[in-house]
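# Examination of the molecular architecture
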Amino acid sequence: MVNEDFIIAMKDDAWFAIFTADSYALMGLKKESIEWVEKGVHCKMPFINYHFLSEIDPYLANIRGEERFKKLMERVKYEWENFEV
């Protein structure tokens, strides 16, 4: 079980956020899933792999049509296309 202390400790881990989003999406909890994708995109070391989030990750398929997710993907796409090393 994931408790509040664990969530606080992992709040800036993008992979944890994306895996948690996958879990919520699989349970049909779209709002929670999108919230966790947002956490992964907005954390200290953000996960901005646009192609993965918008097309590849099979577990996020049921949230891709949600307006909130589409809006988030606009930002992710911008960040992905303007990434500088």
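Residues numbered from 1 in each chain as written. Predicted model: local features only at pLDDT ≥ 70, side-chain atom pairs only at ≥ 80, totals over all residues. Heavy atoms only, no water.

Below, the discussion takes up the packing of aromatic side chains. What describes a pair of aromatic rings is the distance from one ring centre to the other and the angle between the planes of the rings. Taken as a whole and judged by the stated rule, the model has five aromatic pairs. Residues Phe16 and Trp36 carry aromatic rings whose centres are separated by 5.5 Å and whose planes lie at 85° to one another, so their mutual orientation is edge-to-face. Linking Phe16 in helix H2 (residues 14–26) with Trp36 in helix H3 (residues 30–42), this pair joins segments that are 20 residues apart in sequence. You can call Phe16 buried: its relative accessible area is 13%. An aromatic cluster of at least three residues, connected via ring pairs, comprises Trp15, Phe19, Phe47 and Phe52. Taking the ring centre of Trp36 as reference, the NZ or CZ of Lys39 above it sits at 4.0 Å. (Phe/Tyr/Trp six-rings, centres within 6.5 Å; stacked < 30°, edge-to-face > 60°. Helix = DSSP H or I, 4+ residues; strand = E, 2+ residues; numbered from the N terminus. Buried < 20%, exposed > 50% of the residue type's maximum accessible area, 1.4 Å probe, protein only. Lys NZ or Arg CZ within 6 Å of the ring centre and 35° of its normal.)

Taken as a whole, the largest pocket holds about 160 Å³ of empty space. Lining the largest pocket we find Val2, Ile7, Phe16, Thr20, Ser23, Tyr24, Met27 and Trp36. Tallied by class, residues from the lining of the largest pocket come to six nonpolar, two polar and no charged. (1 Å grid on protein atoms, 1.4 Å probe; cavity = no way out; pocket = protein on both sides within 12 Å on 5 of 7 lines; lining within 4 Å. Points joined across faces, edges and corners; volume = space filled by probe spheres on them. Nonpolar A, V, L, I, M, F, W, Y, C, P; charged D, E, K, R; others polar.)

For helix H5 (residues 67–81), built from 15 residues, the straight-helix expectation of 21 Å at 1.5 Å per residue is met to within 8% by its first-to-last C-alpha distance of 21 Å. Along H5, the residues classified as buried are Phe69, Leu72, Met73 and Val76. Down the axis of H5, the buried set is contained in an arc of 105°. They therefore lie on one face. Seen from the open side of H5, the exposed residues pointing more than 90 degrees away from its buried face are Glu67, Lys71, Glu74, Tyr78 and Glu81. Packed against the buried residues of H5 are H3 and helix H4 (50–56). (Expected span 1.5 Å × (residues − 1). Arc of directions from axis to C-beta. Contact = heavy atoms within 4.5 Å.)

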